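Understanding the architecture of this molecule
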Amino acid sequence: MSRTRRTAEGRGRLGSVLSGIAVALGCVLFLGGFAWGAVLYQPYAVPTGSMTPTIGSGDRVLAQRIDGDEVRRGDVVVFEQSTWGDMPMVKRVVGIGGDKIACCEDGKLTVNGKEVAEPYLPEGQDAAATGIPTTTVPKGRLFLLGDERSGSLDSSVHLDDGTHGSVPRGAVKARVDAVAWPMDKFGMLERPEGFADMPGGLSEPGPLRLVVTAIVVGMALVLGGAAYGPVARLVGRGRGRSRAREAAGVG
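Keep in mind it's a predicted model, so treat the numbers as computed, not measured. Counting restarts for each chain: residues are numbered from 1 in the order of the written sequence. At least 70 in pLDDT is required for a residue's local features to be given in this predicted model, at least 80 for side-chain atom pairs to be given and counted, and no such filter applies to totals for whole chains, interfaces and linings, which use all residues. Excluded from the side-chain calculation are hydrogens and water; included are all heavy atoms of the structure.

The next subject is the pairing of strand β9 (residues 141-145). Counting buried residues in β9 gives 5 out of 5 residues, a clear majority hidden from the surface. Side chains R141, F143 and L145 of β9 all project onto a buried face; the interleaved residues L142 and L144 project onto the opposite face, where all are buried too. Across 2 bridges, β9 lies against strand β10 (residues 167-168) in antiparallel orientation. Counted as the bridge partner of L142 is V167 from β10. Exposure categories follow from relative accessible area, calculated using a 1.4 Å probe and restricted to protein chains: below 20% of the type maximum is buried, above 50% is exposed, and the middle band is partly exposed. Note on conventions: DSSP H or I runs of at least 4 residues are helices, E runs of at least 2 residues are strands, and numbering of each starts at the N terminus. When DSSP finds two or more bridges between a pair of strands, those strands are recorded as paired.

Here is the structure:
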């Protein structure tokens with residue numbers, strides 16, 4: 001056996017080992033990423049346009065399962081409140097227990113007397129359709145508004161229900177991290193800076209980016225490792241034909 005052939009066989013064995021490791025690692029990342037995401041995240045289909053333009057009717061979102069105590073101002077949450085309806089709803093938290101909510105001086109929402117910038121509202125729309133008298137959010141509860149204020153059945157239309165339009169923190173099932181469908185809207189939701197300077201600040205995004213990265217890298221490793229064998233065989237056949245032609249004196 002020639003030294004060249006032994007070297008090629010050694011490289012082939014090393015390549016096979018490395019490709020096997022790549023496939024195994026890729027499977028761990030791919031399946032682990034899906035499992036991790038399934039534990040942390042819940043997909044939802046949004047039934048109405050009350051969160052337009054952030055989330056449209058029929059959009060699919062990924063929401064991180066969290067406890068209601070983790071909710072911060074500015075979060076978009078999925079919640080269930082029997083007095084509001086018999087289905088999961090998606091709204092934005094603009095006030096927490098103890099906050100004083102009012103609207104609208106100069107077309108702006110105020111929280112504890114401070115005007116809040118709301119860049120997520122539809123262009124040209126005021127912060128509330130009919131106005132919100134100064135309302136104190138009860139302790140342990142949340143004040144929720146849709147981004148499409150003119151057509152949202154939110155806290156502003158439940159002000160006379162005995163709890164000042166608020167819902168308990170325990171009603172929150174998840175916090176929306178991203179729009180998954182349609183693809184032209186795919187991406188993480190931005191945390192609104194208008195609430196950043198308030199006590200408690202903004203919530204931290206969940207690990208969705210890490211989950212997606214693990215899945216994509218895992219898939220690439222599996223496909224790359226699985227492709228090594230067929231590619232190596234094709235390259236080997238090509239080299240074999242070249243050596244045969246050289247031995248026969250064919251140019």
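Salt bridge criterion: a side-chain nitrogen from Lys or Arg within 4 Å of a carboxyl oxygen from Asp or Glu. Summed over all chains, the structure comprises 7 salt bridges. Across the pair R73 and D99 runs a salt bridge, and its minimum N-O distance is 2.8 Å. Separated by 26 residues along the polypeptide, R73 in the loop between β2 (60-65) and β3 (76-79) and D99 in the loop between β4 (89-96) and β5 (100-105) bring together distant segments of the chain. Taken individually, R73 and D99 each receive the classification buried, so the pair is uniform in this respect. For D147, the salt bridge identified is with R92, shortest N-O distance 2.9 Å. You can see D147 sitting in the loop between β9 and β10 and its partner R92 sitting in strand β4, a full 55 residues away along the chain. With relative accessibility at 3%, the residue R92 sits in the buried group.

Turning next to the nonpolar core. Working definition of a nonpolar core: buried Ala, Val, Leu, Ile, Met, Phe, Trp, Tyr and Cys residues. They are joined through side-chain atoms within 4.5 Å. Counting residues in each nonpolar core, the largest one holds 17 residues, and the members touching the most others are L109, V111, I132, F143 and F195. Counting only elements with at least two residues in this core, the list comes to β5, β6 (108-111) and β9. Here, two residues are considered to be in contact whenever any of their heavy atoms come within 4.5 Å of each other. Residues contacting I132, with those up to four places away along its chain left out, are I101, A102, C103, F143, L145, S156 and L159.

Here we take up empty space enclosed by the protein. A pocket here means an open set of points on a 1 Å grid, computed over the protein atoms alone, that has protein on both sides within 12 Å along at least five of seven lines. A cavity is instead a set of points where a 1.4 Å probe fits but cannot get out; residues with an atom within 4 Å of a point line either one. Grid points are joined across faces, edges and corners, and a volume is the space filled by probe spheres set on the points. Applying the stated rule across the entire model yields 1 cavity of 30 Å³ or more. Taken as a whole, the largest cavity encloses approximately 50 Å³ of empty space. In terms of lining residues, the largest cavity is bounded by G74, D75, V76, R92, R175, V176, L189, E190, R191 and P192. Looking at the lining of the largest cavity residue by residue, the class counts come to 4 nonpolar, 1 polar and 5 charged. Each residue gets one of three labels, nonpolar for Ala, Val, Leu, Ile, Met, Phe, Trp, Tyr, Cys and Pro, charged for Asp, Glu, Lys and Arg, and polar for the others, Gly among them.

Examined against the element boundaries, V94 turns out to sit in strand β4. Here V94 falls in the buried class, since its relative accessible area comes to 0%. Sequence-wise, V94 and F195 are 101 residues apart; in three dimensions their C-alpha atoms are separated by 8.4 Å. Residues within four places of V94 in sequence aside, it is in contact with R73, I101, L109, V111, E118, F143, L145, R149 and F195.

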